[in-house]
Amino acid sequence: MPPQIANSIPALDLRAQYASIREEIQAAIQAVLDSQIFILGPQVQALEQELAAYCGTQYAIGVASGTDALLLALHACGVRAGHEVIVPAFTYIATADVVSLLGATPVFADIEPATFTLDPSKLEPLLTRRTRAIIPVHLYGQTADMDPLLEFARHHGLQVVEDAAQAIGATYRGKRAGSIGELGCLSFYPTKNLGGYGDGGMIVSNSPELHDRLRSLRSHGETRKYVSAEQGWNSRLDEIQAAVLRVKLRHLNDWNSSRRRHASEYTRGLGKISGVVPPKVAEWGEHVFHQYTVRVPRRDEVQRALANEGVPSTVYYPVPLHLQGIYRSLGYKSGSLPEAERASAECLSLPIYPEMSGDQITRVVEAVEHAVGA
Ligand SMILES: *Cc1c(COP(=O)(O)O)cnc(C)c1O
């Protein structure tokens, strides 16, 4: 084995986390097995209450994934065929997918270069009579600038559905991600800051009406057993996931603090390297560093050089949504959303997870220094 591989640093190490909570997790799963209740039972109910409390909302509803959370949230907000929904061009495809799946059209907005999040000053020209909602994405673990966005939405009668899949625990002026718009969508995909051992998602809100709607939408539109008031989905959270997530939720604040500590350490080292732009922490809140994403010149070369030193890195996301093949028919051209395109060309996410050691951070910083200097 070549030395650089022997010393390689994982991009994410779920095994280290599992090792630290193994007994708690096994007891929680065993309790579900003993109960033989598997779908929407007491574990899901308890997790819904605990997550609502964590996010500072009155309600939470468990669903099958973060993507489903967005889909059901938009539907509950009245998004239908023919409507338009404003979405940042620089995010994971799921944010826009769900809009198209409902027969509506995503309208792509450019981002603020410093935070990689939706730029509220770019919204006005995108507005039409068909615009129904905006989905700010709290990318990499930092919230979008919500106040101007909410003001714009209120002024034009639009709903705000937060894509908080990457930002559980992050804050905006004291409020937790997901609790700021009409509805907040969380993902428990295994690699997220609160990751399950399978798929899962949650929608948090303060609206009893939307909450009731969502409860029915996740289960075939049922208002009570075998009585459906409208079409819905099968999008349910299972008891094993909920039990795992309840254990992990107890550790989330510690894990997010570790991520923040690692990020400061990274920024202290990388800030000295000419050409490397470390991520900005906006003054409006706490970043939970789902990703630690820098901008570098000659990104692909830097990524290859890092790989040669045993340091994995990832490009989230190499193609902005307005230039994806599936949206060709919408007619966007290269150059139409310049900041999203520049971010796609320059962004590079370095390894970050709570269990990383200070030595590993130092090694990544040194490898970046070599790679950028080479
Ligand atoms: C992960 C993610 C989703 C989708 O969540 P799933 O649970 O994988 O369906 C949506 N939006 C963003 C920004 C994400 O990172």
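In the block above lies the structure referred to throughout.
Residues numbered from 1 in each chain as written. Predicted model: local features only at pLDDT ≥ 70, side-chain atom pairs only at ≥ 80, totals over all residues. Heavy atoms only, no water.

This paragraph deals with the packing of aromatic side chains. In the structure shown here, the tally under the stated rule is twelve aromatic pairs. Consider the rings of Phe90 and Tyr317, whose centres lie 6.3 Å apart with planes at 75°: the pair is edge-to-face. Residue Phe90 is located in the loop between β2 (84–88) and α5 (94–101), and its partner Tyr317 is located in the loop between α10 (299–308) and α11 (338–346); the two are separated by 227 residues in the primary sequence. Residue classification places Tyr317 among the buried positions, given a relative accessible area of 14%. Three or more aromatic residues joined by ring pairs make a cluster, and in this case those are Phe90, Tyr92, Phe116, Tyr140, Tyr316 and Tyr317. Between Arg176 and the ring centre of Tyr54, over which it is positioned, the NZ or CZ distance is 4.0 Å. (Phe/Tyr/Trp six-rings, centres within 6.5 Å; stacked < 30°, edge-to-face > 60°. Helix = DSSP H or I, 4+ residues; strand = E, 2+ residues; numbered from the N terminus. Buried < 20%, exposed > 50% of the residue type's maximum accessible area, 1.4 Å probe, protein only. Lys NZ or Arg CZ within 6 Å of the ring centre and 35° of its normal.)

Next up on the list: the pattern of salt bridges. Applying the stated criterion across every chain, the model contains 15 salt bridges. Among the ionic pairs, Glu182 bridges to Arg154, the shortest N-O distance being 3.5 Å. Pair noted here: Glu182 is in the loop between β7 (175–176) and β8 (183–187) and Arg154 is in helix α6 (residues 146–156), with a separation of 28 residues, a long-range link. Residue Arg154 is classed as partly exposed on the basis of its relative accessible area, which comes to 47%. Taking the shortest distance from any N to any O, the salt bridge between Glu230 and Arg213 comes out at 2.8 Å. Of this pair, Glu230 sits in the loop between β11 (227–228) and α8 (239–249) while Arg213 sits in helix α7 (residues 208–217), and the two are 17 residues apart along the sequence. By relative accessible area, which is 25% here, Glu230 ends up partly exposed. For Arg213, a relative accessible area of 26% puts it in the partly exposed group. (Salt bridge = Lys/Arg side-chain N within 4 Å of Asp/Glu carboxyl O.)

Moving on: the packing of helix α3 (residues 42–55) against α8. Contact geometry for α3 and α8: axes closest at 8 Å, N-to-C directions at 35°. Remark: the crossing between α3 and α8 carries left-handed chirality. Touching Pro42, Gln43, Val44, Ala46, Leu47, Glu50, Leu51 and Tyr54 of α3 are Glu239, Ala242, Ala243, Leu245, Arg246 and Leu249, all from α8. Split into classes, the residues belonging to the contact of α3 with α8 amount to ten nonpolar, one polar and three charged. (Axes fitted to C-alpha atoms, helices over the stretch in contact; angles between N-to-C directions. Left-handed = near helix turned anticlockwise from the far one by under 90°. Contact = heavy atoms within 4.5 Å. Nonpolar A, V, L, I, M, F, W, Y, C, P; charged D, E, K, R; others polar.)

Read across the open sheet, the seven strands follow the order β1-β9-β8-β5-β4-β2-β3; overall the sheet is mixed. Both outer strands of the open sheet, β1 (59–63) and β3 (105–109), are each paired with one neighbouring strand and no more. The mean inter-strand angle of the sheet, taken between neighbouring strand axes irrespective of direction, is 25°. The pairing of β2 with strand β4 (residues 131–134) spans three bridges and is parallel. When the bridges of β4 are listed, Val85 appears paired with Ala133. Of the strands in this sheet, β2, β3 and β5 (159–163) touch α5, which is tilted by about 150° from β3. (Pairing = 2+ DSSP bridges.)

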